[in-house]
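Summary of structural features
Listed below are the residues making up each chain.
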Amino acid sequence: MFRSHTCGELRPEHVGQTITLSGWVHRRRDHGELIFIDLRDRYGITQVVFDSATAQAHEVAEGARSEFVLQVTGRVRPRPPEAVNPNLATGAIEVVALEAQVLNPARTTPIYIAQEGGEDEAVRLKYRYLDLRRERMQRNLILRHRVIKFMRDFLDDEGFLEIETPILIKSTPEGARDYLVPSRVHPGKFYALPQSPQQLKQLLMVAGYDRYFQIARCFRDEDLRADRQPEFTQLDMELSFVDQEDVLQLIERLFTELCRSVVPHKHVPTPFRRLTYAEAMERYGSDKPDLRYDLELVSLGDLLAGTPFQVFKGALESGGQIKGLRAPGCGGYSRKQIDELTDLARGGGARGLAWAALPADGGEIRSSFAKNLGAGELQAIVERMGGQPGDLLLLVADKPSVVATTLDKLRREFGARLGLADPATLHFSWIVDFPLVDWNADEGRWDAVHHPFTAPQDADMALMDSDPGKVRAKAYDLVLNGYEVGGGSIRIHRRDVQQKLFDLLGISPETAMAQFGHMLEAFEYGAPPHGGIAPGIDRIVMILADESTIREVMAFPKTQQAIDLMTAAPSSVDERQLKDLHIALR
């Protein structure tokens with residue numbers, strides 16, 4: 001056998017035993033007559049001592065180098081008290097080698113396995129199989145495994161069935177571009193990789209399976225960010241005979257218990273805080289605010305309704321807003337630092353940034369706009385914003401979407417700069433009462449804010465004809481530390497209501513039947529009230545692991561340009577393959 005124990009298993013109770021280990025050379029220290037090798041596998045590290053008195057084993061150690069794969073048979077002995085390593089699980093013992101052999105030599109690796117960092121991420125991704133040997137990546141993937149296992153066990157206890165749905169499905173519009181797969185046996189026709197199993201899980205509810213879940217692989221051909229990939233994994237769920245409160249209570253229990261189990265050192269405030277979409281946008285400028293700190297936006301439009309300052313006056317007259325953000329203790333910022341904040345504001349779409357620095361010693365206020373204000377307006381702003389000596393007040397005057405985006409960016413920036421977000425806290429919250437539809441001015445039509453299967457709130461049904469923009473959806477997002485980590489809704493389960501929403505979205509009956517006919521017909525055979533949610537596993541594990549990108553918690557991610565550097569995908573294909581698929585490139 002290759003091993004009797006793993007490299008993380010041996011303890012003082014094994015002293016005196018003859019054992020066999022197999023693993024990689026993590027570190028090697030040559031002292032001539034004695035050679036020390038730290039042997040590593042995914043379970044841990046064991047120190048092996050090679051004595052020249054045991055010639056065969058010592059000779060193998062002399063030729064071994066980093067990342068050689070070795071098999072060692074030896075005897076376990078206690079380390080001398082001064083040599084005990086309290087930072088290593090096996091640090092109280094060592095193995096004296098009796099026999100050894102090289103199972104496989106290794107070239108010098110392009111990245112250091114025993115040392116984290118220092119190389120470009122592109123090198124890590126090109127040699128991902130080496131990067132995955134590192135403790136950090138192993139720790140992250142083990143955490144991911146434990147998260148998924150907990151989800152499966154929890155949902156099994158709650159009566160859910162894990163059911164797989166197809167990867168090759170019909171292309172239907174769901175907001176992002178599909179990845180298309182050409183059919184060889186049906187020339188000119190295509191499958192699509194699923195953006196989500198949305199329609200299929202609803203059909204499972206029509207089929208009577210009541211509680212479904214799946215660790216689902218999903219695909220979206222969209223621009224990438226640090227927390228997005230072209231393929232990702234979500235916990236896909238659907239339940240029958242439920243309304244919004246049932247789903248929220250279940251998910252709250254799931255994540256509270258999950259975090260207590262897999263990251264017990266983290267604090268999870270309960271119950272999860274709830275904000276309406278309108279409230280979140282008003283107070284934080286975002287529908288995914290980080291609630292670990294209290295910086296809130298302050299509306300100033302009413303105070304400045306009669307201001308002579310043209311920048312503020314013009315914004316209000318054109319239907320815009322004036323809002324401010326207080327940066328505590330930043331009143332001493334230099335002009336260069338404020339210019340950097342102005343550049344950040346312009347990155348959010350704002351044309352500029354108004355500011356007022358309150359001196360800590362009670363002296364004169366420095367400001368970019370005070371000289372243009374009417375009598376008492378600056379003092380009213382300071383009072384409304386709760387300004388204290390030493391604070392920096394930042395104001396944006398623009399259309400509401402720009403004000404929200406800009407001040408959200410600044411709020412997050414100061415949250416990070418001032419260390420306001422406790423890294424040991426996992427602050428979950430719910431955002432509810434989203435609009436059902438949003439007006440697309442470029443296309444001259446209404447778009448679904450979530451997806452076209454989301455149910456309108458019962459109290460707002462009448463508004464679908466008279467004022468669609470005011471219709472609230474039975475939709476909800478789960479937010480964690482400033483990230484949206486899951487979205488869901490109660491679904492439409494009646495064909496007449498579904499057709500009404502299609503009509504509002506400008507989807508003709510003919511198009512609806514062509515794209516969603518299977519859904520509409522299914523609703524006529526007794527569809528129960530149902531709803532669900534799909535938390536993103538990659539993003540949740542990223543946050544639990546204290547990482548900044550989801551690439552650090554995925555085994556084989558792609559770059560931000562959707563390239564797999566390790567396998568060089570996407571790549572060209574043979575002309576014969578294109579011919580078989582009836583495809584010509586242009």
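The structure contained in this document is the topic of the report that follows. (Residues numbered from 1 in each chain as written. Predicted model: local features only at pLDDT ≥ 70, side-chain atom pairs only at ≥ 80, totals over all residues. Heavy atoms only, no water.)

The topology assignment puts Asp460 in the loop between strand E19 (445-448) and helix H12 (463-466). With sequence-adjacent residues up to four places away left out, Asp460 is seen in contact with Lys470, Val471 and Arg472. (Helix = DSSP H or I, 4+ residues; strand = E, 2+ residues; numbered from the N terminus. Contact = heavy atoms within 4.5 Å.)

For Pro400, the location among the structural elements is in helix H11 (residues 400-417). A sequence separation of 80 residues divides Pro400 from Gly320, and the C-alpha atoms of the two residues are 5.7 Å apart. Those residues in contact with Pro400 that lie beyond four places of it in its chain are Gly319, Gly320 and Gln321.

This paragraph deals with the sheet that holds strand E12 (residues 298-299). Each strand in a sheet pairs with another by means of backbone hydrogen bonds, the pair being arranged parallel or else antiparallel. Taken in spatial order, the five strands of this open sheet run E12-E13-E16-E14-E15, and their pairing is antiparallel. Pairing within the sheet leaves two strands with one partner each, and these edge strands are E12 and strand E15 (366-367). Across four bridges, the pairing between strand E14 (residues 354-357) and strand E16 (residues 392-398) is antiparallel. Opposite Ala357, over in E16, you have Leu392 as the bridge partner. (Pairing = 2+ DSSP bridges.)

Now for the pairing of strand E21 (residues 483-490). As judged from the six bridges shared by strand E20 (residues 475-480) and E21, these two strands associate in the antiparallel manner. Note on E21: the bridge partner recorded for Asp477 is Gly487. Taking the residues that link successive antiparallel strands as the turn, the E20-E21 hairpin has two residues, and the phi of Asn481 there is positive, at about 50°. For E21 and strand E22 (residues 530-535), the ladder comprises five bridges, and the chain directions are antiparallel. Its bridge partner lying in E22, Gly488 is registered against Ile533.

Tracing the backbone shows Val123 in helix H2 (residues 121-126). Separated by 13 residues in sequence, Val123 and Pro110 have C-alpha atoms that sit 7.9 Å apart. Each residue touching Val123, except ones within four places of it in the same chain, is listed here: Pro110 and Ile111.

Before going further, it helps to examine the pattern of salt bridges. Side chains that carry opposite charge are capable of pairing whenever their charged atoms lie near each other. Within the structure shown, the criterion is met by 49 salt bridges. A salt bridge links Arg28 to Asp30; the nearest nitrogen and oxygen atoms lie 3.2 Å apart. The shortest N-O distance in the salt bridge between Arg217 and Glu231 comes to 2.7 Å. Placement of the pair is Arg217 in strand E9 (residues 211-219) and Glu231 in strand E10 (residues 231-240), with a sequence separation of 14 residues. Overall, Glu231 belongs to the partly exposed group, its relative accessible area being 23%. (Salt bridge = Lys/Arg side-chain N within 4 Å of Asp/Glu carboxyl O. Buried < 20%, exposed > 50% of the residue type's maximum accessible area, 1.4 Å probe, protein only.)

Attention now goes to the packing of helix H13 (residues 495-504) against helix H14 (residues 509-523). Axis angle and axis distance: for two packed helices, these are the angle between their axes and the distance between the axes, and together they describe the pair. Between H13 and H14, the least distance of the axes is 11 Å, while the angle of their chain directions is 160°. Taken together, the axes of H13 and H14 are roughly antiparallel relative to one another. Handedness of the crossing formed by H13 with H14: right-handed. Note on element contacts: H14 touches H13 through Pro509, Ala512, Met513, Phe516, Leu520, Glu521 and Phe523, opposite Arg495, Gln498, Gln499 and Phe502. For the contact of H13 with H14, the class distribution of residues is seven nonpolar, two polar and two charged. (Axes fitted to C-alpha atoms, helices over the stretch in contact; angles between N-to-C directions. Parallel < 35°, antiparallel > 145°, perpendicular 65-115°, else oblique. Left-handed = near helix turned anticlockwise from the far one by under 90°. Nonpolar A, V, L, I, M, F, W, Y, C, P; charged D, E, K, R; others polar.)

This next bit is on helix H15 (residues 537-544). Burial analysis of H15 places eight of its eight residues in the buried class, the great majority of the element. What H15 keeps buried is the set Ile537, Asp538, Arg539, Ile540, Val541, Met542, Ile543 and Leu544. Just beyond H15, the residue with positive phi is Asp546, at close to 60°.

Another point: helix H9 (residues 335-347). Helical periodicity: at 3.6 residues per turn, an α-helix aligns residues three or four positions apart in one direction. Look at H9: 18 Å from first C-alpha to last across 13 residues, which is about the 18 Å you get at 1.5 Å a residue. Restricting attention to buried positions, one finds in H9 the residues Ile338, Leu341, Thr342 and Ala345. All buried residues of H9 lie within an arc of 105° about the axis, which places them on one face of the element. Across H9 from its buried face, at more than 90 degrees, point the exposed residues Lys336, Asp343 and Gly347. Within two residues after H9, Gly349 carries a phi angle of roughly 105°, on the positive side. (Expected span 1.5 Å × (residues − 1). Arc of directions from axis to C-beta.)

Our focus in this paragraph is the sheet that holds strand E17 (residues 428-432). Sheet architecture is open: eight strands sit in the order E6-E9-E10-E22-E21-E20-E17-E11, paired in mixed fashion. With partners counted over all chains shown, the strands left at the sheet margins are strand E6 (161-162) and strand E11 (273-276), one partner each. The sheet strands contacting H15 are E9, E10, E20, E21 and E22, and the helix crosses E21 at an angle near 140°.

Another point: the packing of aromatic side chains. Counted under the stated rule, the structure contains twelve aromatic pairs. With a centroid separation of 6.2 Å and 85° between ring planes, the pair formed by Trp430 and Tyr476 is classed as edge-to-face. In this pair, Trp430 is assigned in strand E17 and Tyr476 in strand E20, connecting sequence segments 46 residues apart. Both residues of the pair, Trp430 and Tyr476, count as buried. If you follow Lys126 out to its NZ or CZ, it ends over the ring of Tyr127, 5.7 Å from the centre. (Phe/Tyr/Trp six-rings, centres within 6.5 Å; stacked < 30°, edge-to-face > 60°. Lys NZ or Arg CZ within 6 Å of the ring centre and 35° of its normal.)

Turning our eyes to something else, we now look at unusual backbone geometry. A cis geometry characterises the amide bond from Thr270 onward to Pro271, with omega recorded as -5°. As for its placement among the helices and strands, Pro271 is situated in the loop between helix H6 (244-262) and E11. In this chain, Ala569 is followed by Pro570 through a cis amide linkage whose omega measures 0°. Turning to its location among the elements, Pro570 is positioned in the loop between H15 and helix H16 (575-580). Not every positive phi belongs to a glycine, and Asn481 is a case in point at roughly 50°. With respect to the secondary-structure elements, Asn481 resides in the loop between E20 and E21.

Scope: geometric values only; no functional claims are made or implied.
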